[in-house]
Amino acid sequence: MPESGLHTAVAASESWLEVIDSDSPVLLITPHGGRAEPRTRSIPNAKVNDLHTADITRGLAARLGASALINVAMDRNRLDCNRLSQLIERAPWLLEMIADRLGAIVKRHGRVTVLLIHGWNIIEPRLDFGLGLRHSGGELRPPGSACVSASDDFINGPLAGLADRLHDHGIKPTYGMRYPGGGLQNLLQAFTARHRQSSNAPLRSISETAASGVVDAAQLELSVSIRMPGELRTRCEDAIAQVFSANGAGSHTPRAPLVVNRAPRPPVVRSELGAAATAAAPGRVGIEFYDPAAHIGAMASFDVGGVGMGARIMMLFDRHRAALFTAEGRPTRSSGAVTHGPLSLRREGESIVLAFRGPAVIVPDAAAYLSIERALASGRLDGDTEVNARFEIDRAGGEFDFDRILSSPGAAQDRASSSASFGRISGRVCIDGAARTVNGFARAGMSFTGLGPQKFTARRMIWSCFEDKDAPRALEARSVESGDGPPGRSARILGPRGWTACELGDLTIDTPSVEQPPRRISASLTRPDGPSCELEGSVECFIPLSRPGPEQSRIYTSLGFASFRAGAHRGTGMFEYSRLG
């Protein structure tokens, strides 16, 4: 390491690692700044690389005059630089580089601040601090056997100051909400006393240095909207640079001190959690709509029960494009409303209003979402996406109590007649700077798109609304295959006198491949009194998704909006085809 005060970049021992050496007391590390290799596509549950973190770290190193070790190219699915066991086995020289720099910085300055720059793949503006701590009962405590990676003075000084600055910039700071950094093999834990007895000499050296009380380390998990180029990223980088610059670290007093309890939380016996807590699927409430004239569709939903924690809105528009916002954490529920950050769904008399104004990632080709990393790499941030749409509840469907669905989603799900309402929606959408009027059909209530608690090998679902006077007002059909017998099928048609359960003779959604839209959508529904309804659909827009399934499998989903025909009648709605792969 150079002894001069010059900020100098030197050649790394591996081409994928960029090394910056300086005489600052700050060391920056980027474990997941690479990109997925072609071979990664064949891995069933590949991990997503932390896009943009290499550029962010390089920029912060320049502003802070800090040393940095930046993974600029290594796919984490080949070598995970945040996993100590993989570093010991396949890149021990990287631990040696960290140990050498840690020792040299402490020798020169007496202390060292280590910041590990990571990515969190939600879109809501958030930064999660990993310290081997998580909020519990009004204080910060280590989860499991985690060791704390920083002093109380650091947590209540620079880090709390950063949290306040982020909050002022519209970025939510949290402590270990998603990634506390407490796992034994997490690189952050190297900067604690946890590995003092390690047989690996560099790791042992790092841990011994940390045990002497001269290391403050934190894992910074940056959400997508504060990593993609734009105003939010600039605000985040400015806040970090202001706090950790040579004259800024100790200049901010936090609003209130955080209580750090370093005693590990007592283990919770699984049986004490109760069967409902361990097995319940999310109670997901939402709305879906499509305007066939404007070619705009949207799906918004909130997790209001079970183990789910989050909210999201996805819009499909211009045939192939997609806009997405996601948030994590418990939504806020009140009488007739549910809110998560900039996204809300609320009842106003006989209407339900969907509102959103905030950042969304716009992807030019929705088919890229088969790989989240590929989609995010092709996307860009629209910081001011807006939706304001009013859904008129159609009482022809009988009982539909939106407030009750919000408070007891499980009870509503058990009663199909009250779980959803269909009708017209109108409003305004602004995407990518272009304002558009929407006037289409919608379905509100229990979310159509949630995976739910069912175990299946294949699942096909459709809903459609019709405007013709003599047509059904709406219909739904589902076919679920479990591999243990004939498919479970259900269907219903909404007429002037309410819902009628039907026999589902067939529901076909054929896709030539997971990346292509269905080439055929059809269904045959028979009413108890004899008349049948033959339905044909044509895809208007779709998105393919790939999600983790049971036992290391993948669930491939083709999801989108379609125009439907039932004889001479024309309608609009949604389809989903999910299957294990």
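Numbering of residues begins from 1 in every chain and follows the order in which that chain's sequence is written. Note on the predicted model: pLDDT of at least 70 is required for a residue's local features to be given, and 80 or more for side-chain atom pairs to be given and counted; whole-chain, interface and lining totals, by contrast, use all residues. The side-chain figures draw on all heavy atoms in the structure; neither hydrogens nor water molecules are used.

**Observations regarding the overall build of the chain**
Phase 1 of the analysis: When you go through the chain residue by residue, the secondary structure sums to 11 helices and 29 strands.
Phase 2 of the analysis: Considering only intrachain contacts with a sequence separation of at least 6, the fraction spanning at least 24 residues in the chain is 65%.
Phase 3 of the analysis: Of the accessible surface of the chain, which amounts to about 23600 Å², a share of 49% is contributed by carbon and sulfur atoms. Secondary structure elements are taken from DSSP: a helix is a run of H or I of four residues or more, a strand is a run of E of two residues or more, and numbering for both begins at the N terminus. Here, two residues are considered to be in contact whenever any of their heavy atoms come within 4.5 Å of each other. For every accessible area listed, the method is Shrake-Rupley and the probe measures 1.4 Å; residues are considered covered only by the protein chains on display.

**Examining the nonpolar core**
Phase 1 of the analysis: Take the buried Ala, Val, Leu, Ile, Met, Phe, Trp, Tyr and Cys residues and link them wherever side-chain atoms come within 4.5 Å; each set so joined is a nonpolar core. Whether a residue is buried, partly exposed or exposed follows from its accessible area with a 1.4 Å probe, protein chains only, as a fraction of its type maximum: under 20%, in between, or over 50%, in that order. Counting 113 residues, the largest nonpolar core has Phe129, Leu131, Leu220, Phe244, Leu316 and Leu354 as its most contacted members.
Phase 2 of the analysis: Apart from the residues within four sequence positions on either side, Leu220 is in contact with Leu115, Leu116, Ile117, His118, Leu127, Asp128, Phe129 and Ile240.
Phase 3 of the analysis: Formed by 33 residues, the second largest nonpolar core is a distinct cluster that contains Leu27, Leu94, Leu116 and Leu187.

**Regarding the pattern of salt bridges**
Phase 1 of the analysis: Salt-bridge detection follows one rule: a side-chain nitrogen of Lys or Arg within 4 Å of a carboxyl oxygen of Asp or Glu. Scanning the model with the defined rule gives 35 salt bridges in all.
Phase 2 of the analysis: Where Arg101 meets Asp21, a salt bridge forms, and the shortest distance between an N and an O atom there is 2.9 Å. One end of the pair, Arg101, is in helix α3 (residues 92–109); the other, Asp21, is in strand β2 (residues 17–21), and 80 residues separate them in sequence.
Phase 3 of the analysis: Here Arg319 makes a salt bridge to Glu540, at a shortest N to O gap of 3.0 Å. Pair noted here: Arg319 is in the loop between β13 (310–317) and β14 (321–328) and Glu540 is in strand β27 (residues 532–548), with a separation of 221 residues, a long-range link.
Phase 4 of the analysis: Arg319 sits in the partly exposed class, given a relative accessible area of 39%.
Phase 5 of the analysis: One connected set of salt bridges, linked through shared partners, spans Asp318, Arg321, Arg380, Asp432 and Arg436.

**So, the environment of Ser212**
Phase 1 of the analysis: You can see Ser212 is positioned in the loop between α5 (201–211) and β10 (215–223).
Phase 2 of the analysis: Measuring from C-alpha to C-alpha, the distance between Ser212 and Thr192 comes to 9.4 Å, with 20 residues separating the pair along the chain.
Phase 3 of the analysis: N or O atoms closer than or at 3.5 Å make up a polar contact, with two conditions inside protein: a donor-capable atom paired with an acceptor-capable one, and, for residues adjacent in sequence, both atoms drawn from side chains. Only 2.5 Å separates the side chain of Ser212 from the backbone oxygen of Thr209, close enough to count as a polar contact.

**Some words on the confidence of the model for the chain**
A low pLDDT score tells you not to read the predicted coordinates there in detail.
Phase 1 of the analysis: Per residue, pLDDT measures the predictor's confidence, with a range of 0 to 100. The pLDDT averaged across the chain works out to 89; a share of 89% of its residues lies at or above 70.
Phase 2 of the analysis: Predicted confidence for residues 270–280 stays below pLDDT 50, and this span has seven contacts to residues more than four positions away or in other chains.

**Here's the deal with the packing of aromatic side chains**
By convention here, two paired aromatic rings are described through the distance between centres and the angle between planes.
Phase 1 of the analysis: Here is the rule: rings of Phe, Tyr and Trp (six-membered ring for Trp) pair when centre to centre is within 6.5 Å. Planes less than 30 degrees apart are stacked, more than 60 are edge-to-face, and the remainder are tilted. Scanning the model with the defined rule gives eight aromatic pairs in all.
Phase 2 of the analysis: Between the aromatic rings of Trp16 and Trp93, the centroid separation amounts to 5.7 Å while the plane-to-plane angle is 55°, which identifies the pairing as tilted. Of this pair, Trp16 sits in the loop between β1 (8–10) and β2 while Trp93 sits in helix α3, and the two are 77 residues apart along the sequence.
Phase 3 of the analysis: Seen in terms of ring centroids, Phe129 and Tyr175 are 5.1 Å apart; in terms of plane orientation they differ by 50°. Their pairing is tilted. Of this pair, Phe129 sits in strand β6 (residues 126–130) while Tyr175 sits in strand β9 (residues 172–175), placing them 46 residues apart in sequence.
Phase 4 of the analysis: Grouped by ring-pair contacts, the aromatic residues Phe422, Trp463 and Trp499 constitute a single cluster.
Phase 5 of the analysis: We call a charge positioned over a ring when the NZ of a Lys or the CZ of an Arg lies within 6 Å of the ring centre and within 35 degrees of the ring normal. The ring centre of Phe441 lies 4.4 Å from the NZ or CZ of Arg424, which sits over that ring.

**Focus: the sheet that holds strand β28 (residues 554–566)**
Phase 1 of the analysis: With antiparallel pairing, eight strands are arranged side by side around a closed barrel as β22-β23-β24-β25-β26-β27-β28-β29. On average, each strand axis in the sheet is inclined to that of its neighbour by 25°, with strand direction left out of account.
Phase 2 of the analysis: Following DSSP output, two strands are said to pair if at least two bridges run between them. Examined bridge by bridge, strand β23 (residues 474–481) and strand β24 (residues 488–495) share seven bridges and lie antiparallel to one another. Residue pairing for β24: Ala474 is matched across the bridge by Leu494. With axes taken as lines fitted to C-alpha atoms, and helix axes fitted only over the stretch in contact, angles between N-to-C directions fall between 0 and 180 degrees.

**Observations concerning the pairing of β27**
Phase 1 of the analysis: Looking at chain direction, strand β26 (residues 520–526) and β27 are connected through six bridges and run antiparallel. Bridged to Ser524 within β27 is Glu534.
Phase 2 of the analysis: Linkage of β26 to β27, two consecutive antiparallel strands, is achieved through a turn of five residues, within which Gly530 is found at a positive phi near 115°.
Phase 3 of the analysis: With 13 bridges connecting them, β27 and β28 associate as antiparallel partners.

**Some remarks on the side chain of Asp80**
Phase 1 of the analysis: Here Asp80 is to be found in the loop between β4 (67–71) and α2 (84–90).
Phase 2 of the analysis: In this structure, Asp80 is in contact with His32, Lys47, Gln86, Leu87 and Arg90, ignoring residues within four places of it in sequence.

**Remarks on helix α4 (residues 152–168)**
Phase 1 of the analysis: Taking 1.5 Å of rise per residue, 17 residues should cover 24 Å, and α4 covers 23 Å from first to last C-alpha, within 8% of that figure.
Phase 2 of the analysis: Two axes define the bend at a residue: one fitted to the seven residues ending there, one fitted to the seven starting there, and the bend is the angle between them. Of all bends in α4, the biggest is about 35°, found at Ala160.
Phase 3 of the analysis: Burial within α4 is extensive, with 13 of its 17 residues counted as buried. Multiplying 1.5 Å by the helix residue count minus one yields the expected span of that helix.

**Quick notes on helix α1 (residues 53–64)**
Phase 1 of the analysis: Here α1 is 12 residues long and its end C-alpha atoms lie 16 Å apart, about the 16 Å a rise of 1.5 Å per residue gives.
Phase 2 of the analysis: Restricting attention to buried positions, one finds in α1 the residues Thr53, Ala54, Ile56, Thr57, Leu60, Ala61 and Leu64. For α1, the arc enclosing every buried residue in end-on projection is 160°, short of the 170-degree limit, so these residues lie on one face.
Phase 3 of the analysis: If you follow the buried residues of α1, they end up packed against β2, β3 (26–30), β4, β5 (112–120), β10 and α6 (231–244).
Phase 4 of the analysis: Positive backbone phi, approximately 65°, marks Gly65, located one or two places after α1. Each C-beta atom gives one direction from the helix axis, and the arc is the one those directions make.

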